[in-house]
Amino acid sequence: MDEDLHDGGDGSVAGMSAADIADWRLRTFALYDEVRRLARDDPFQAHVHWRRIRDHMFGTHPASALGPSAKRTFTGLPTAPYDPAFRFHAQLSAEGAGQEMTVRTGTDGDVPFRRLGTFELPGLGSLAAWRLCSYGGGIFVPFRDATSGRDGGSYGAGRYLLDTIKGAFHGMAGDGFVLDFNFAYNPSCAYNEAWACPLPGPANRLAAEVPVGELYLPLPDEDVP
């Protein structure tokens, strides 16, 4: 739910202290722990809980990507209703494993990734899974789809499906992964350019539509530090 914050070296942006950011991440990890527990019995209720807590955090937390004026008019993130057809149990194949990718950001320089393999998703296509090869590690699966950048669709630069370094993980199913696009979310840079967000490359672009998860409606009077 959050990416690397470029703070210009002073430890805070728009009132975001290091303690605020740590608290945001702890709350995010706790949220996904609750989501995985709830989803074992009822993914729909897990999604309801996810939406409620995220809306509260975005609207009130000092480390939210939303600035003060956006928070004053905020009524909730635009998120599609839950659709079980977009929840998958997927094996990670070795296709593409070892491939290296360097993502250049405008604030944090070059961010290195190494490909772990590929998820094949019926009706959608394939997505590369990446390991972050710098501090923290983690599994990273971003994606773009046919709704990206369309009116009423999703964020044009793409969304995140998994980002385990920040807690966004749906769990395992046997020796496979749970991938639930209903929990796809926008990177923080969708709302505030102070955040540096790695975005999907060619191996993470779907020709199909993914009309679930967080969509995108630019917020009025966004605050940009």
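Residues numbered from 1 in each chain as written. Predicted model: local features only at pLDDT ≥ 70, side-chain atom pairs only at ≥ 80, totals over all residues. Heavy atoms only, no water.

**Digging into the overall build of the protein chain**
Stated formally: Numbering of helices and strands starts at the N terminus; helices are DSSP runs of H or I of at least 4 residues and strands are runs of E of at least 2. Burial classes: relative accessible area under 20% of the type maximum marks a residue as buried, over 50% as exposed, and values in between as partly exposed (1.4 Å probe, protein chains only). Between two residues, a contact is recorded if the distance between any of their heavy atoms is within 4.5 Å.
Across its full length, the protein chain carries three helices and 11 strands. For the protein chain, the sequential pattern of α-helices and β-strands runs β-α-α-α-β-β-β-β-β-β-β-β-β-β. Counting only residues that meet the buried cut, the protein chain has 49% of its 225 residues in that class. In the protein chain, the share of contacts with a sequence separation of at least 24, taken over all contacts with a separation of at least 6, comes to 64%.

**Side note on the pattern of salt bridges**
The condition is simple: When a carboxyl oxygen of Asp or Glu is within 4 Å of a side-chain nitrogen of Lys or Arg, the pair counts as a salt bridge.
Enumeration over the complete set of coordinates arrives at seven salt bridges. Among the salt bridges present, the one from Glu 214 reaches Arg 54, with a minimum N-O distance of 2.9 Å. Pair noted here: Glu 214 is in the segment after β11 (195-196) and Arg 54 is in helix α2 (residues 43-60), with a separation of 160 residues, a long-range link. For Glu 214, a relative accessible area of 0% gives the class buried.

**Description of helix α1 (residues 18-39)**
For the record, the criterion: Here the expected length of a helix is defined as 1.5 Å per residue gap, with one fewer gap than residues. Note that the arc is computed from the directions linking the helix axis to the C-beta atoms.
Relative to the 32 Å expected for 22 residues at 1.5 Å per residue, α1 spans 32 Å between its end C-alpha atoms, a close match to the ideal helical length. Within the span of α1, buried status applies to Asp 20, Ile 21, Trp 24, Thr 28, Leu 31, Tyr 32, Val 35 and Ala 39. One side of α1 carries all its buried residues, which in axial view fall inside an arc of 110 degrees. The exposed residues of α1 that point more than 90 degrees off its buried face are Ala 18, Ala 19 and Leu 26.

**Side note on the nonpolar core**
Rules: The nonpolar core is taken to be a set of buried Ala, Val, Leu, Ile, Met, Phe, Trp, Tyr and Cys residues, with the residues joined through side-chain atoms within 4.5 Å.
Counting 37 residues, the largest nonpolar core has Trp 50, Phe 58, Phe 113 and Tyr 191 as the members making the most contacts within it. For this core, the element with the highest residue contribution is α1, accounting for six residues. With residues near it in sequence (within four places) discarded, Trp 50 still touches Leu 31, Tyr 32, Val 35, Thr 79, Asn 182, Phe 183, Ala 184 and Tyr 185. Ranked by size, the runner-up nonpolar core spans 21 residues in total, among them Phe 143, Leu 162, Phe 181 and Val 212.

**Side note on the environment of Phe 74**
On the secondary structure map, Phe 74 appears in the loop between α3 (68-73) and β2 (87-90). In sequence terms Phe 74 and Gly 59 are 15 residues apart; their C-alpha atoms lie 6.2 Å from each other. Filtering out sequence-adjacent residues up to four positions away, Phe 74 remains in contact with Asp 55, Phe 58, Gly 59 and Leu 66.

**Thoughts on the packing of aromatic side chains**
In plain terms, the rule: Note on aromatic pairs: the rings of Phe, Tyr and Trp (six-membered ring only in Trp) are paired at centre separations within 6.5 Å, and the planes decide the class, stacked below 30 degrees, edge-to-face beyond 60, tilted for the rest.
Here the structure, examined in full by the defined rule, presents 13 aromatic pairs. On the basis of an interplanar angle of 70 degrees and a centroid distance of 5.6 Å, the ring pair of Trp 24 and Phe 58 is categorised as edge-to-face. Taken together, the residues span a long stretch of sequence, with Trp 24 in helix α1 and Phe 58 in helix α2 at a distance of 34 residues. Trp 24 gets classed as buried once you look at its relative accessible area, which sits at 2%. Residues Phe 119 and Phe 177 carry aromatic rings whose centres are separated by 5.3 Å and whose planes lie at 75 degrees to one another, so their mutual orientation is edge-to-face. Here Phe 177 lies in strand β10 (residues 176-180) and Phe 119 lies in strand β5 (residues 109-121), a separation of 58 residues in the sequence. A residue is classified by how much of its surface remains accessible, and Phe 119, at 1% relative accessible area, is buried. Overall, the relative accessible area of 11% leaves Phe 177 in the buried class.

**Here's the deal with the sheet that holds β10**
The test is simple: In this description, strands pair whenever DSSP reports at least two bridges between them.
An order of β2-β10-β9 is seen for the three strands of this open sheet, with the pairing classed as antiparallel. One side of each edge strand has no neighbouring strand; the edge strands of this open sheet are β2 and β9 (172-173). Examined bridge by bridge, β2 and β10 share four bridges and lie antiparallel to one another. Paired with Ala 90 across the strands is Phe 177, a residue of β10.

**Points about the confidence of the model for the protein chain**
Let me state the cut-off plainly: Each residue carries a pLDDT score, the predictor's own confidence in it, on a scale running from 0 to 100.
Per-residue confidence for the protein chain gives a mean pLDDT of 90; residues scoring 70 or more make up 88%. This stretch, residues 7-12, has a pLDDT under 50; its non-local contacts, to residues over four places away or in other chains, come to six contacts. Across residues 221-225, confidence stays below pLDDT 50; counting only partners more than four residues off in sequence or on other chains, it has 17 contacts.

**Focus: α2**
Note the cut-off: Counting of polar contacts relies on pairs of N or O atoms within 3.5 Å, with two restrictions inside protein: one atom must be capable of donating a hydrogen and the other of accepting it, and residues adjacent in sequence are counted only when both atoms are side-chain atoms.
Over its 18 residues, α2 runs 26 Å from end to end, which matches the ideal 26 Å to within 8%, given 1.5 Å per residue. Residues Ala 46, His 47, His 49, Trp 50, Ile 53, Arg 54, Met 57 and Phe 58 constitute the buried set of α2. Along the axis of α2, the buried positions cluster into a sector of 160 degrees, meaning they face one direction only. Projecting away from the buried face of α2 at angles above 90 degrees are the exposed residues Arg 52 and His 56. The inward-facing, buried residues of α2 contact α1 and α3. N-cap assignment for α2: the residue whose side-chain oxygen lies 3.1 Å from the backbone N of Phe 44 is Asp 42.

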